[in-house]
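So you can see what is in the structure, the chains are spelled out below.
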Amino acid sequence: ANSLASVTGTKELEEDWRTEKLSDLEYADGSKVFDDFSSSSDRVSFAVNGVTFTFDQDETLSDIINEVNATASAKAKMSVTDGKIRFESTVKGAETKLEFKNIAGPEVFGKDGAFGIKDTSITPKSLISEDMTLAEIAEATGKELGGTDVAFSINGKEFRFGQDTTLQDVLKTVNNDPDAKVTMTYDQDK
């Protein structure tokens, strides 16, 4: 439940990417995003998690983002972060995935793809790491901590931690307490 497939492209877009037509869209360095529209009827078509999207070159990147985000069956959210295109699965856990495919027109995914996203299948990453605080973990996983401390008991031994305690410190404290009679571990890849 704590893994998420997400990816951010490597190519930075021009500042007015929201309003530029796809045929005029440029990267921050002035080069064209889609330089291989050969005729005015050319379209760009791609799939996200098996759902196909097709756009005319006079549409905008904002149009693409809005359509991807409005299509629940694609199970993906698209955005632009710091000028770079980002996709994130709308599903967390074992079912999280991002699979991309170029269908027709200019390639948007792959080594030379317009979106700057090299891989067409994204491996999920854990939302939690041992150096995160309990408050950060709660936020990343969408849980409410409720109150200021996190308290639990193991084999009759009570533990209480503040929200600023890191997961690593929780593990150390429990593992170094002989009354708990347990060894706690966290596997980031599960």
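Residue positions are given per chain, counting from 1 as you read along its sequence in written order. Local features in a predicted model are, by the rule used here, given only for residues with pLDDT of at least 70; side-chain atom pairs are given and counted only at 80 or more, and totals for whole chains, interfaces and linings are based on all residues. Water and hydrogen atoms were dropped before computing side-chain values, which therefore reflect all heavy atoms in the structure.

Caption draft 1: How the structure looks around the pattern of salt bridges. Definition used for salt bridges: Asp or Glu carboxyl oxygen within 4 Å of a side-chain nitrogen of Lys or Arg. Enumeration over the complete set of coordinates arrives at seven salt bridges. A salt bridge links Asp56 to Arg43, with the nearest nitrogen and oxygen atoms 2.7 Å apart. Pair noted here: Asp56 is in strand S4 (residues 51-56) and Arg43 is in strand S3 (residues 43-48), with a separation of 13 residues, a long-range link. Only protein chains enter the area calculation, which uses a 1.4 Å probe; residues under 20% of their type maximum are buried, those over 50% are exposed, and those in between are partly exposed. The class for Asp56 is partly exposed, based on a relative accessible area of 32%. The exposure class assigned to Arg43 is partly exposed, which follows from its relative accessible area of 41%. Notably, a salt bridge pairs Asp112 with Lys111, separated by 3.6 Å at the nearest N-O pair. The two residues Asp112 and Lys111 agree in class, both being exposed. Within the structure, one salt-bridge network assembled from shared partners comprises Lys77, Arg86 and Glu88. Secondary structure elements are defined from DSSP: runs of H or I of at least 4 residues count as helices, runs of E of at least 2 residues count as strands, and each element is numbered from the N terminus.

Caption draft 2: Structural context of the sheet that holds strand S7 (residues 98-104). One open sheet accounts for four strands, arranged S4-S3-S7-S8; its pairing is antiparallel. At either end of the open sheet lies a strand with only one pairing partner, and these are S4 and strand S8 (121-122). Strands are labelled as partners when DSSP assigns at least two bridges between them. Bridge count between S3 and S4: six bridges; the pairing is antiparallel. Along S4, the bridge assignment pairs Ala47 with Thr52. Throughout, a residue-residue contact means that at least one pair of heavy atoms, one from each residue, lies within 4.5 Å. Axis angles are defined between N-to-C directions and span 0 to 180 degrees, where every axis is a line fitted to C-alpha atoms and, for a helix, only to the segment in contact. Taken strand by strand, helix H1 (residues 61-70) contacts S3 and S4, and its axis lies near 155 degrees from that of S4.

Caption draft 3: Fine view of H1. Leu61, Ser62, Ile64, Ile65 and Val68 are the residues of H1 that are buried. Looking straight down H1, one finds that the buried residues subtend no more than 160 degrees of arc, so they occupy a single side. Along H1, exposed side chains directed more than 90 degrees from the buried face belong to Asn66 and Ala70. Buried residues along H1 sit against S3, S4, strand S5 (76-81) and strand S6 (84-89). Picture the helix axis, draw a direction to every C-beta atom, and the arc is the one those directions span.

Caption draft 4: Unusual backbone geometry, seen in detail. In this structure, Asn49 takes a positive phi of about 50 degrees despite not being glycine. Position of Asn49 relative to the elements: it lies in the loop between S3 and S4. For Asn49, a relative accessible area of 11% puts it in the buried group. Phi is positive for Asn155, which is not a glycine, with a value near 50 degrees. Within the secondary structure, Asn155 sits in the loop between strand S10 (149-154) and strand S11 (157-162).

Caption draft 5: Geometry of the nonpolar core. What is meant by a nonpolar core is a set of buried Ala, Val, Leu, Ile, Met, Phe, Trp, Tyr and Cys residues, joined one to another through side-chain atoms within 4.5 Å. In terms of nonpolar packing, the biggest core is built from 34 residues, with Phe34, Phe46, Leu61, Phe87 and Phe115 touching the most fellow members. Those elements that place two or more of their residues in this core are S3, S4, H1, S5, S6 and S7. The biggest single contributor to this core is H1, with four residues. When near neighbours in sequence (up to four residues on either side) are disregarded, Phe115 contacts Gly9, Thr10, Phe34, Phe46, Leu61, Met78, Ile85, Phe87, Val108 and Phe109.

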